[in-house]
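What follows is each chain in one-letter form.
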Amino acid sequence: MAATDMDPEVARGLFEEGATLVLLGVPQGSVLGLDYKSWTLGPRFRGVKMIPPGLHFLHYCSANSNEECGDIGPKMGLFLSLKPREVLVAHWNQREEDLEFTQDPEEAERIRANLRELDGYLGPYPYDTLRKWVSLTDRLSQELAAALQPLSGRVCAFSDVIPELQLTHTKDREEQNLPRNDQECQSMKEGLDRLPRMKQREGTELRFSSIPTQAFPPGATPAQITQCNMDWSYALNSVLERHYKEQPLSVLGELQFAFVCFLMGNVYEAFEHWKRLLALLCRSEEAMKERRDLYLGLIAVLYHQLGEIPPDFFVDIVSQNNFLTTTLQDFFQFASSPGVDSTLRKRAEKFKVHLTKKFRWDFDADLDECAPVVVELPEGVALD
């Protein structure tokens, strides 16, 4: 972990006010990161110093303890809110292959008193990436991160799943009217049906807002259903009313939380939620007219997020459909509607020009271009 160049005054301020993470026993060769930067750990590593107070994301993949096996474990992470001059101590739990934060205040104080001796084993926080980290999390509060993080306290790249039913013995399967496993399968479908149904282990799920599967209110008329399927404002307002009634703009913090979990935690589920939440925001025309500040904030959030991902990342290799261009095309169309605040309309237009220039995305292409083409056949020509 090499020291980063920084202004001497900044360095002095972080040395005096910055927090310290003391991480003991992490296997050599493990990959550990704090916010936007990761390192492969050497034998001298004992933690990170000079960390700016505030919200951070610690993420790591452990090296296999068997030196003959160079495997790296699945990525895990957690959000931490650090106070000025705080010293947080964790030990590596070999059996669980995870960090275990000490609950002993005496140990923390003992280590604080010996920080000067530990200094040569602590790497400095990568201050050169701080601005980028803040731009990706400026809407994400400590309270919201804690509410969205799994109850287990760990964000895992791979789901921890267990069988829905514990069918240890043949008689257990028979009691559930399931075929015995010692009988030959007659088809692929039968074989797949015999596989146990899995569910995520309780406490390991990310606690995202639930997005309604039904976009219209109960008892809606056919005309209302059609309208709600074109304008998702009813569904968006339902989410805001249920999860963010007091602070509607906090939904942008959830969008940032999902993006960080995907970008730095490699959590695919978080990416899927980010897409669903973004589509909900972008396709809500009436909400755009009523919630000016929310949509000005959305543009700022997306500006920083889209700078971190290659432009072809969102292209579906099967359909060649770019999720982002189709979603943002709706957003820009709605943002130019009558009744939308003039500041929001101008900001959206500038954002559209920025994305068109940077990524060469065409937001003005006719959506009907993808529709099937009706070809007129010459007279007398018929298809079999």
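One can find the structure itself at the top, above this paragraph.
Each value, and the rule that gives it
- Residues numbered from 1 in each chain as written.
- Predicted model: local features only at pLDDT ≥ 70, side-chain atom pairs only at ≥ 80, totals over all residues.
- Heavy atoms only, no water.
- Buried < 20%, exposed > 50% of the residue type's maximum accessible area, 1.4 Å probe, protein only.
- Helix = DSSP H or I, 4+ residues; strand = E, 2+ residues; numbered from the N terminus.
- Arc of directions from axis to C-beta.
- Polar contact = N/O pair within 3.5 Å; in protein donor to acceptor, adjacent residues only side chain to side chain.
- Phe/Tyr/Trp six-rings, centres within 6.5 Å; stacked < 30°, edge-to-face > 60°.
- Axes fitted to C-alpha atoms, helices over the stretch in contact; angles between N-to-C directions.
- Left-handed = near helix turned anticlockwise from the far one by under 90°.
- Contact = heavy atoms within 4.5 Å.
- Nonpolar A, V, L, I, M, F, W, Y, C, P; charged D, E, K, R; others polar.
- Salt bridge = Lys/Arg side-chain N within 4 Å of Asp/Glu carboxyl O.
- Parallel < 35°, antiparallel > 145°, perpendicular 65-115°, else oblique.

It is not clear to me how helix α2 (residues 105-113) should be interpreted in this structure. Could you clarify?
For an α-helix, the turn length of 3.6 residues means that residues three or four places apart are oriented alike. All buried positions along α2 are accounted for by Glu107, Ala108 and Ile111. Looking straight down α2, one finds that the buried residues subtend no more than 100° of arc, so they occupy a single side. Along α2, exposed side chains directed more than 90 degrees from the buried face belong to Pro105, Glu106 and Ala113. The backbone nitrogen of Glu106 has a side-chain oxygen 3.0 Å away, supplied by the residue at the start of α2, namely Asp104.

Got a minute to help me understand the packing of aromatic side chains in this structure?
Each aromatic ring pair is specified by the distance between its two centres and by the angle formed by the two planes. Using the criterion set out here, one finds 14 aromatic pairs in the structure. Relative to Phe257, the ring of Phe208 lies with its centre 6.0 Å away and its plane at 80°, an arrangement referred to as edge-to-face. Here Phe208 is found in the loop between β12 (198-200) and α8 (222-230), whereas its partner Phe257 is found in helix α10 (residues 251-263), with 49 residues between them in sequence. Both residues of the pair, Phe208 and Phe257, belong to the buried class. Taking the centre distance of 6.3 Å and the plane angle of 90° together, the rings of Trp361 and Phe363 count as edge-to-face. Of the two residues, Trp361 and Phe363, neither departs from the other in class, the shared state being buried.

Help me understand the packing of helix α14 (residues 323-335) against helix α15 (residues 342-359) in this model?
Helices that pack against each other are described as a pair by the angle of their axes relative to one another and the distance between those axes. With their axes 9 Å apart at the nearest point, α14 and α15 run at an angle of 145° to one another. Relative to α15, the crossing made by α14 is left-handed. Residue-level contacts link Leu328, Phe331, Phe332 and Ala335 of α14 to Arg345, Ala348, Phe351, Lys352 and Leu355 of α15. Class assignment of the residues belonging to the contact of α14 with α15 gives a composition of 7 nonpolar, no polar and 2 charged.

Can you walk me through the pattern of salt bridges in this structure?
Pairing between side chains becomes possible if they bear opposite charge and their charged atoms approach one another. Tallying each qualifying case throughout the model produces 13 salt bridges. Between Arg95 and Glu96 there is a salt bridge, and its shortest N-O distance comes to 3.2 Å. For Asp98, the salt bridge identified is with Arg154, shortest N-O distance 3.0 Å. In this pair, Asp98 is assigned in strand β8 (residues 98-101) and Arg154 in the loop between α5 (142-148) and β10 (155-156), connecting sequence segments 56 residues apart. For the pair shown, Asp98 and Arg154 are each scored as buried.

What is the right way to look at the packing of α10 against helix α11 (residues 268-282) in this model?
Direction vectors running N to C along α10 and α11 enclose 150°, while the axes themselves pass 8 Å from each other. Relative to α11, the element α10 lies roughly antiparallel. Both α10 and α11 take part in a crossing whose hand is left-handed. For the pair α10 and α11, contact is made by Val251, Glu254, Leu255, Ala258, Phe259, Cys261 and Phe262 and by Ala270, Phe271, His273, Trp274, Leu277, Leu278 and Leu281, respectively. Split by residue class, the contact of α10 with α11 holds 12 nonpolar, 1 polar and 1 charged.

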